[in-house]
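# Observations on the three-dimensional arrangement
In case you want the letters, here they are:
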Amino acid sequence: MIIALDIGGTKLAASLINDNNIIIDSRRSSTPKSGCADDLASALEQLIAPLLNQASAIVVASTGIINQGRLTAVNPDNLGGLNDFPLQTTIEEISGLPVQLLNDAQAAAWGEYCQLERPCKSMAFITVSTGVGAGLVINGELQTGLTGLAGHAGHTTVDPQGPKCGCGRSGCVEALASGTAIGKLAGEIYKKNLDAKAVFERFHQGDQNAQMIIDRSAQAIAILLGNMKALLDIEVVVIGGSVGLAEGYLARVRYFMEQQPALFQVDITPARLGHEAGLKGAALWASQ
Ligand code: ADP
Ligand code: BMX
Ligand code: ZN
């Protein structure tokens, strides 16, 4: 069995997965927000410790650019300011096992591609979560790019007048659509701390401010989908992440997508692997 580890901006998850890609055991914890590398290392150590004696290898799906064994943040704000972390050596040292690494959205893209009901040539996966991540499978091949940056569509600009993103650009999809962006705008409007989950509760109660906040996010994602269609002739886009999978969200993305010319519209579907897309996708990728 292998351990799949999912490192997100909000949560850490580790699962023991068998040869049939079935999860046998799982653990979860919160991602440390101190920005301190030692805190992340010890959180990972505690998380995987109970699973170690049954595993022969570890595969990691992590937020950030994954290149040459290191995690480099595009948006360091998502990791409390941490922008460079020796992921491979850290996990090798705490586990004593061989370790493979992949970006979280790239891993989920591969997992979802392997699960498609109708096989296709070109698919994108988008996670709307702490940030906005994306992974591309083109002509059946997962794209990681020369340096691991391929697919970082959350940092494409959809509104040059939009809010500053932690990556240094302005009006990135992530700065408008992510769970973090939803929470930030809610803080400005309601003058108190509300996370994306709380905004969705208000959205479902018919609160007009909450609807406007969710719509800003859904519209940015819809524009991104049109851009991806134009760039790559994507056939289907799979959406995941806690915001992406929240009730009512995809309907709003579809609403805004349908305002675009038909040429730029694309099929959207929720992740079949749900919140486990990163974990299971990483395991499938490691077993090829
Ligand atoms: P990660 O980014 O660590 O992979 P998630 O996919 O859970 O984790 O995304 C975290 C973001 O999703 C946070 O902004 C959080 O407020 C938001 N969130 C968590 N649960 C829900 C929910 N049930 N509905 C809407 N948003 C949620
Ligand atoms: C950010 C970036 C991506 C990641 C995406 C989703 C960092 C640390 N991460 O755009 O690499 O795929 O967030 O990550 O710069 P998540 O934490 O929301 O799952
Ligand atoms: Zn950005």
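Here the residue index of a chain counts from 1 through its sequence in written order. Chains carry letters from A onward and ligands carry numbers from 1 onward, assigned in written order. Local features in a predicted model are, by the rule used here, given only for residues with pLDDT of at least 70; side-chain atom pairs are given and counted only at 80 or more, and totals for whole chains, interfaces and linings are based on all residues. Just so you know, side-chain values use all the structure's heavy atoms and leave hydrogens and water out.

Given 3.6 residues per turn, any residue in an α-helix points the same way as the ones three and four places further on. Of all the positions in helix α8 (residues 249-257), only Tyr 249, Leu 250, Val 253, Phe 256 and Met 257 are classed as buried. With its buried residues spanning 125° around the axis, α8 presents them on a single face. Contacts are assigned to residue pairs that have any heavy atoms within 4.5 Å of one another. Each helix corresponds to a stretch of at least 4 residues labelled H or I by DSSP, and each strand to a stretch of at least 2 residues labelled E; elements are numbered beginning at the N terminus. In this fold, the buried residues of α8 make contact with β9 (123-128), α4 (173-177), α6 (196-204), α7 (208-232), β12 (236-240) and β13 (267-270). Relative accessibility thresholds used throughout: buried, under 20% of the residue-type maximum; exposed, over 50%; partly exposed, between the two (1.4 Å probe, protein chains only). Regarding the arc, it is the one traced by the directions from the helix axis to the C-beta atoms.

Residue proximity to a molecule or strand is established when one non-hydrogen atom of the residue lies within 4 Å of it. Inspection of the region around ligand 1 gives 16 residues, with Thr 10, Lys 11, Ser 129, Thr 130 and Ser 242 positioned closest. Measuring from an oxygen atom of ligand 1, one finds a backbone N or O atom of Gly 9 at 3.3 Å. Under the rule applied, a polar contact is a pair of N or O atoms within 3.5 Å (in protein, one hydrogen donor and one hydrogen acceptor; residues adjacent in sequence only if both atoms are side-chain atoms). Residue Thr 130 places a side-chain N or O atom 2.4 Å away from an oxygen atom belonging to ligand 1. Note on areas: Shrake-Rupley, 1.4 Å probe, and residue coverage restricted to the protein chains presented here. Here ligand 1, which alone exposes 570 Å², has 80% of that area covered by the protein. Elements with a contribution of two residues or more to the shell around ligand 1: α5 (179-190) and α6. Delimitation of the domains relies on an automatic or database domain assignment. Here the shell around ligand 1 spans two domains, since at least three of its residues come from each of domain 1 (2-103 + 276-286) and domain 2 (107-273).

Take the coordination of the zinc ion (ligand 3) next. A 2.8 Å cut-off from the metal defines N, O and S donors, relaxed to 3.2 Å for Na, K and Ca; water is not in the atom list, so some sites may appear incomplete. Protein coordination of the zinc ion (ligand 3) is provided by His 155 (ND1), Cys 165 (SG), Cys 167 (SG) and Cys 172 (SG), with donor distances spanning 2.1 to 2.4 Å. Coordination geometry of the zinc ion (ligand 3): the four donor atoms subtend angles of 102 to 123° at the metal centre, consistent with an arrangement described as tetrahedral. Coordination of the zinc ion (ligand 3) draws on donor residues from a single chain, spaced H-x9-C-x1-C-x4-C in sequence. Taken together, the positions of His 155 in the loop between β11 (141-143) and α4 and Cys 165 in the loop between β11 and α4 put the pair 10 residues apart, joining distant regions of the chain. Of the two residues examined, His 155 and Cys 165, each falls in the buried class. By the criteria applied here, four donors are tetrahedral when all angles lie between 85 and 135 degrees, four are square planar and six octahedral when opposite donors are over 155 degrees apart and every other angle lies between 65 and 115, and any other arrangement is irregular.

The criterion for an aromatic pair is that two Phe, Tyr or Trp rings (for Trp, the six-membered ring) have centres within 6.5 Å, with stacked assigned to planes under 30 degrees apart, edge-to-face to planes over 60 apart and tilted to the rest. One pass over the full model with this rule turns up four aromatic pairs. Pairing Phe 200 with Phe 203 gives two aromatic rings, centres 5.7 Å apart and planes at 70°, and the pair type is edge-to-face. Residue Phe 200 and its partner Phe 203 are located together in helix α6, separated by three residues, close to a single helical turn. Accessibility classification places Phe 200 together with Phe 203 in one group, the buried group. Measuring from centroid to centroid gives 5.0 Å for Tyr 255 and Phe 256, while their planes differ by 80°, and the two rings are edge-to-face. You can call Phe 256 buried: its relative accessible area is 13%. Taken together through their ring pairs, the aromatic side chains of Phe 200, Phe 203 and Tyr 249 make up a single cluster.

That's the geometry; what it means functionally is another story.
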